[in-house]
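Per-entry structural report
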Amino acid sequence: MQSLLAPIKTFLGCETPHAWVAEAAKPENLPIVLLDHLVCELKAAQSAMFLIRRYAVDKESGDALLAWLKPFEDFTYRKVGDWKALANHEKLSKSMIPKSGTPYGQDLIDKMVLLIKEELHHFYQVLEIMEGYGIAYDTISSSRYAKGLLQHVKTHEPAALVDKLICGAFIEARSCERFAALAPHVDKPLGDFYISLLRSEARHYQDYLTLAEEIAGKDITERVAFFRSVEAKLISAPDEDFKFHSGAPVH
Ligand SMILES: [Fe+2]
Ligand SMILES: [Fe+2]
């Protein structure tokens, strides 16, 4: 576990504040932590789907992706369907055809399709955990975190895509660091679940970063450093809205 976490801690600009861990470990906050975590898993799948549809495939493949995520979105945003049936939708039925003229298309597709599959599986696993605790699904508002990062994404290509990939790397890396920080402070089965997520989240962070470097075709150190400081501020600055990716809790 330490070998997974060491590069992530070096990548991130700060560690999760102790006060956030203490807040997240409070039993009364468990529903918020799990519900927000659940929605974050779907959002991770959705952002990866967006990247493939926007940059790498034709309309037909794009539609197959939309159909793949639809039952998860219906459940989450419209409370439609039985969550147990989602287990049958974790796989993509069609192979993705890269658009011509995108040299990085196949790599983006391969990495992001695997990522979506894993996030959808995590989504289902969080629902199973929630059922174990008797926590019913309910909608939850999003924190300032992702918006706070993505508002800095450039508006021209390929800089916009590179920025989105860098943001993806930070979100994955932070989730990984947070699961590891929280695991020792919660019930053993929940802590074990968090630890089981570390390996894939660490790979997701690495995949986003590799794609960003590949697609930029030049050194991105400065851009990564810029987002590192934005991310670290969102994590360490006071935040009244307690969520999975919130800043330092305010009482
Ligand atoms: Fe995940
Ligand atoms: Fe992930």
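Whatever comes next refers back to the structure up there.
Residues numbered from 1 in each chain as written. Chains lettered and ligands numbered in written order. Predicted model: local features only at pLDDT ≥ 70, side-chain atom pairs only at ≥ 80, totals over all residues. Heavy atoms only, no water.

**Quick word on the overall build of the protein**
Tallying secondary structure elements over the protein gives 9 helices and 2 strands in all. Each helix and strand of the protein, placed in order from N terminus to C terminus, yields the pattern α-α-α-α-α-α-α-α-α-β-β. Taken over the C-alpha trace, the protein has a radius of gyration of 18 Å; the compact-globule value for 251 residues is 18 Å, and the two agree within 12%. Taken along its principal axes, the extent of the C-alpha atoms in the protein is 50 × 45 × 30 Å. Among the 251 residues that make up the protein, the fraction classed as buried is 54%. Contacts spanning at least 24 positions in sequence make up 82% of the contacts within the protein whose residues lie at least 6 apart. Entry remark: accessible area of the protein is about 11600 Å², with carbon and sulfur atoms responsible for 56%. (Helix = DSSP H or I, 4+ residues; strand = E, 2+ residues; numbered from the N terminus. Rg over C-alpha atoms; globule rule 2.2 N^0.38 Å. Buried < 20%, exposed > 50% of the residue type's maximum accessible area, 1.4 Å probe, protein only. Contact = heavy atoms within 4.5 Å. Areas by Shrake-Rupley, 256 points an atom, 1.4 Å probe, with all protein chains shown as cover.)

**A word on the coordination of the iron ion (ligand 2)**
The reference angle at a metal is 109.5 degrees if four donors form a tetrahedron and 90 or 180 degrees if six donors form an octahedron. Those protein atoms acting as donors to the iron ion (ligand 2) are Glu119 (OE), Glu172 (OE), Glu172 (OE), Glu201 (OE) and His204 (ND1), and they sit at 1.9 to 2.7 Å. Read from N- to C-terminus, the donor residues coordinating the iron ion (ligand 2) fall into the pattern E-x52-E-x28-E-x2-H. Between the iron ion (ligand 2) and the iron ion (ligand 1), the interatomic distance is 3.5 Å, and Glu119 donates to each metal, bridging them. In this pair, Glu172 sits in helix 7 (residues 159-182) while Glu201 sits in helix 8 (residues 188-216), placing the two residues 29 residues apart along the sequence. Pair check on accessibility: Glu172 and Glu201 agree, each one buried. (Donors = N, O, S within 2.8 Å, 3.2 Å for Na, K, Ca; no water.)

**Digging into the side chain of Thr16**
Tracing the sequence through the fold places Thr16 in the loop between helix 1 (2-11) and helix 2 (18-25). Among the polar contacts listed, one links the side chain of Thr16 to the side chain of Glu177, at a separation of 2.6 Å. At 2.9 Å, the side chain of Thr16 forms a polar contact with the side chain of Arg178. Thr16 has contacts with Val21, Arg174, Glu177, Arg178 and Ile235, leaving out every residue within four places of it along the chain. (Polar contact = N/O pair within 3.5 Å; in protein donor to acceptor, adjacent residues only side chain to side chain.)

**Focus: the packing of aromatic side chains**
Under the counting rule described, the total for this entry stands at 12 aromatic pairs. Look at Phe193 and Tyr194: their rings are 6.1 Å apart centre to centre, the planes differ by 35°, and that puts the pair in the tilted class. You'll find Phe193 and Tyr194 in the same group, each marked buried. Three or more aromatic residues joined by ring pairs form one cluster here, namely Trp20, Phe179, Phe193, Tyr194, Phe242 and Phe244. One Lys or Arg, Arg178, reaches over the ring of Trp20 and ends 4.0 Å from the middle of that ring. (Phe/Tyr/Trp six-rings, centres within 6.5 Å; stacked < 30°, edge-to-face > 60°. Lys NZ or Arg CZ within 6 Å of the ring centre and 35° of its normal.)

**Quick word on the nonpolar core**
Counting residues in each nonpolar core, the largest one holds 87 residues, and the members touching the most others are Ile116 and Tyr194. Excluding its chain neighbours within four sequence positions, the residues that come into contact with Tyr194 are Val33, Leu34, His37, Phe179, Leu182, Ala183 and Val186. (Core = buried A, V, L, I, M, F, W, Y, C linked by side-chain atoms within 4.5 Å.)

**Quick look at the coordination of the iron ion (ligand 1)**
Listed as protein donors to the iron ion (ligand 1) are Glu41 (OE), Glu119 (OE), His122 (ND1) and Glu201 (OE); their distances from the metal cover 2.0 to 2.3 Å. Viewed at the metal, the 4 donor atoms of the iron ion (ligand 1) are separated by angles of 85 to 140°, and the geometry they form is irregular. Mapping the donors of the iron ion (ligand 1) onto the primary sequence gives the spacing E-x77-E-x2-H-x78-E. (Tetrahedral: all angles 85-135°; square planar, octahedral: opposite > 155°, others 65-115°.)

**Here's the deal with the environment of Glu214**
Relative to the helices and strands, Glu214 resides in helix 8. Between the C-alpha atoms of Glu214 and Cys176, which are 38 residues apart in sequence, the distance is 23 Å.

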